[in-house]
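Structural overview for review
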Amino acid sequence: MNISRTGKYYFLKLLRLRGTPRSIAMGAAIGVFIGLTPTIPFHTILILALTLVSRTSFIAGLITSILVCNPLTYIPQYYLALLIGNLLTPFTLNWEKVKALLDIVLSDGSMETRIQPLLSLGNEAIVVMLDGGVGLALPIANSSYYLCHFLIVSFRRKRRQKMILS
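The model shown is predicted, which means the values in this text are computed figures rather than measured ones.

**Some words on the environment of Ile126**
In this structure, Ile126 sits in helix H8 (residues 123–165). The exposure class assigned to Ile126 is partly exposed, which follows from its relative accessible area of 30%. Counting along the chain gives 41 residues from Ile126 to Gly85, while the straight-line C-alpha distance between them is 9.6 Å.

**Brief notes about helix H4 (residues 58–68)**
Each turn of an α-helix holds 3.6 residues, which means side chains three or four residues apart point in the same direction. When H4 is considered as a whole, its buried residues turn out to be Ala60, Gly61, Ile63, Thr64, Ser65 and Val68. Buried residues along H4 sit in contact with helix H1 (3–15), helix H2 (21–36), helix H3 (43–54) and helix H5 (74–88). For H4, the N-terminal capping position is held by Ser57, with its side-chain oxygen 3.1 Å away from the main-chain nitrogen of Ala60.

**Considering the packing of H2 against H8**
In the contact formed by H2 and H8, the axes pass within 8 Å of each other and the chain directions differ by 150 degrees. The angle between H2 and H8 places the two elements in the roughly antiparallel class. For the crossing formed where H2 meets H8, the hand is right-handed. Of the residues assigned to the contact of H2 with H8, the class counts are 19 nonpolar, 3 polar and 2 charged.

**Concerning a nonpolar patch on the surface**
A cluster of nonpolar residues, Tyr79, Leu80 and Leu83, forms a patch on the protein surface that exposes about 260 Å² of accessible area. Checked against the element boundaries, Tyr79 lands in helix H5. Classification of Tyr79 as partly exposed rests on a relative accessible area of 38%.

How each quantity is defined
Residues numbered from 1 in each chain as written. Predicted model: local features only at pLDDT ≥ 70, side-chain atom pairs only at ≥ 80, totals over all residues. Heavy atoms only, no water. Helix = DSSP H or I, 4+ residues; strand = E, 2+ residues; numbered from the N terminus. Buried < 20%, exposed > 50% of the residue type's maximum accessible area, 1.4 Å probe, protein only. Contact = heavy atoms within 4.5 Å. Polar contact = N/O pair within 3.5 Å; in protein donor to acceptor, adjacent residues only side chain to side chain. Axes fitted to C-alpha atoms, helices over the stretch in contact; angles between N-to-C directions. Parallel < 35°, antiparallel > 145°, perpendicular 65-115°, else oblique. Left-handed = near helix turned anticlockwise from the far one by under 90°. Nonpolar A, V, L, I, M, F, W, Y, C, P; charged D, E, K, R; others polar. Patch = residues over 30% accessible without salt bridge, like charges linked within 9 Å, V, L, I, M, F, W, Y side chains within 5 Å. Areas by Shrake-Rupley, 256 points an atom, 1.4 Å probe, with all protein chains shown as cover. Salt bridge = Lys/Arg side-chain N within 4 Å of Asp/Glu carboxyl O.

So, in structure tokens, the structure goes:
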């Protein structure tokens, strides 16, 4: 499987979605935000809830979440969330504990066996990871909204000009 080709495929899917540029860009920003937070078992549910409440594109949210959080990127994301969370909160968490938990959560077990270790992790660790994830996700999601909006408007403008010329 060619990774760059797959990324380009999903990127073009995003640009070709129907809807207003604002709706698609906001859905994409929600997908990036949720994709960067350490809530892997709940990504789809959270994206669905936030896109329904904000009346934005659910499909754009799913596409960008897949592009941002995949097996190639989730370990660096969790590590950055850990570092940022340790800086933002008075608590400390070590990487070995997070890695062991991540292995359980990403296993093929039932939802109950995947969520149970999250609940037993402890409030301090949950606070560190969620604060770190939100601290990582907010600026990236914010800039992804503007970038996506710009790209969609540019793509549609070029497409219209091609239609007029042909």
